[in-house]
Amino acid sequence: MSCATCHVPDSAPPGGSAGLAGVRWNRIETARTFEMYVPLSGVRGVLDGPSQLCLGCHDGVSAADQHGGAERGRPTPRIDGIIGPDLADDHPVGILYPPRDQRGLPRKGYFARPRGDVQIVLVDGRPRVECTSCHDPHGSPYDSMLRESLQGSALCFGCHDL
């Protein structure tokens, strides 16, 4: 898959990937409404950040229209990870990390900062769990572009201290 599948060609800032703010998205944001997961805190995630960009292809509607054709003589890879509009049974996205209790204190069972390759994403200066916290869209040696292996729950133990 080439960069142009997701990014506008020639939009990268000079000097490489150091300043990704100049990289433009080559997708239409999905207009679909999603049913969000409700974590123990009772605060639903907010779909207004990077995860909404991911769902522009994985929403179960747009991907068929957004992919296809050929790039440099090779077929464009088909994206099989269709999620659809019901995120209520998926890991929460658009939530603060670490999660907070009713008093605003970090909940027990979470590391203060994720471990391994798990990434927390800053959205409006606030640390959140987004799709890219666990998935690396630029490539991974693990299935489903995961940042860590599922063997021994390594990915889960990047955040959860159980």
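The following paragraphs examine the structure supplied in this document.

What counts as what
Numbering of residues begins from 1 in every chain and follows the order in which that chain's sequence is written. Side-chain atom pairs in this predicted model are given and counted only at pLDDT of 80 or more, local residue features only at pLDDT of at least 70, and totals for whole chains, interfaces and linings cover all residues. Working from all heavy atoms in the structure, the side-chain values ignore hydrogens and water. The helix and strand labels rest on DSSP assignments: H or I over at least four residues marks a helix, E over at least two residues marks a strand, and numbering proceeds from the N terminus. Think of it in three bands: residues with accessible area under 20% of the maximum for their type are buried, residues over 50% are exposed, and the middle band is partly exposed, with areas taken using a 1.4 Å probe on protein chains only. Note on areas: Shrake-Rupley with a 1.4 Å probe; residue coverage comes only from the protein chains shown. Grouping buried Ala, Val, Leu, Ile, Met, Phe, Trp, Tyr and Cys residues that are joined through side-chain atoms within 4.5 Å yields what is termed a nonpolar core. The disulfide definition used here is simple: a pair of cysteine sulfur atoms within 2.5 Å. For two strands to count as paired, DSSP must find a minimum of two bridges between them. One side-chain nitrogen of Lys or Arg within 4 Å of one carboxyl oxygen of Asp or Glu is enough to make a salt bridge.

**With respect to the overall build of the chain**
1) Next: Check the secondary structure of the chain and you find three helices and five strands.
2) Next: Listing every helix and strand of the chain by position from the N terminus yields α-α-β-β-β-β-β-α.
3) Next: Across the 162 residues that make up the chain, the buried fraction comes to 31%.
4) Next: With an accessible surface of roughly 10,500 Å², the chain has 53% of that area assigned to carbon and sulfur atoms.

**Section: the nonpolar core**
1) Next: Residues I95, Y97, F111, V118, V129, C134, L146, L155 and C159 constitute the largest nonpolar core, which totals nine residues.
2) Next: Among the nonpolar cores identified, the runner-up in size contains six residues, and F34, M36, V93 and C131 belong to it.

**Some words on the state of the cysteines**
1) Next: Tallied over the entire structure, the rule returns zero disulfides.
2) Next: Distance from the sulfur of C54, which forms no disulfide, to the nearest cysteine sulfur (C131) is 4.2 Å.
3) Next: C54 gets classed as partly exposed once you look at its relative accessible area, which sits at 23%.

**Some points on the pairing of strand 5 (residues 126–129)**
1) Next: As paired elements, strand 3 (residues 95–96) and strand 5 share two bridges and run antiparallel to each other. Within strand 5, the residue paired with L96 across the bridge is R128.
2) Next: For strand 4 (residues 121–123) and strand 5, the ladder comprises three bridges, and the chain directions are antiparallel. Pairing of V121 across the sheet is with R128, part of strand 5.
3) Next: Turn length for the strand 4-strand 5 hairpin, with the two strands adjacent in sequence and antiparallel, is two residues, and the turn residue D124 shows positive phi of about 55 degrees.

**Concerning unusual backbone geometry**
1) Next: Here the amide bond leading from Y97 into P98 is cis, since omega sits at -10 degrees, within 30 degrees of zero.
2) Next: For P98, the location among the structural elements is in the loop between strand 3 and strand 4.
3) Next: Located in the positive-phi region is S144, a residue other than glycine, with phi close to 55 degrees.
4) Next: Along the chain, S144 falls in the segment after helix 3 (131–134).
5) Next: Note on S144: relative accessible area 57%, which makes it exposed.
6) Next: Even without glycine at this site, M145 takes up a positive phi of about 55 degrees.
7) Next: Overall, the relative accessible area of 34% leaves M145 in the partly exposed class.

**Let's talk about the sheet that holds strand 3**
1) Next: Ordered in space as 3-5-4, the three strands form an open sheet in which the pairing is antiparallel. Two strands lie at the open edges of the sheet, namely strand 3 and strand 4, each paired on one side alone.

**Some thoughts on helix 1 (residues 50–58)**
1) Next: Among the residues of helix 1, S51, Q52, L55, G56 and C57 are the ones counted as buried.
2) Next: In the segment just after helix 1, G60 is the residue with positive phi, at about 85 degrees.

**A look at the environment of G60**
1) Next: Within the secondary structure, G60 is located in the loop between helix 1 and helix 2 (62–66).
2) Next: In the structure, G60 is positioned 28 residues away from R32 in sequence and 9.6 Å away in space, judged by C-alpha atoms.

**Notes on the pattern of salt bridges**
1) Next: In this structure the tally under the stated criterion is four salt bridges.
2) Next: When the shortest N-O distance is used, the salt bridge between R128 and D48 registers 2.7 Å. Here R128 is found in strand 5, whereas its partner D48 is found in the segment before helix 1, with 80 residues between them in sequence.

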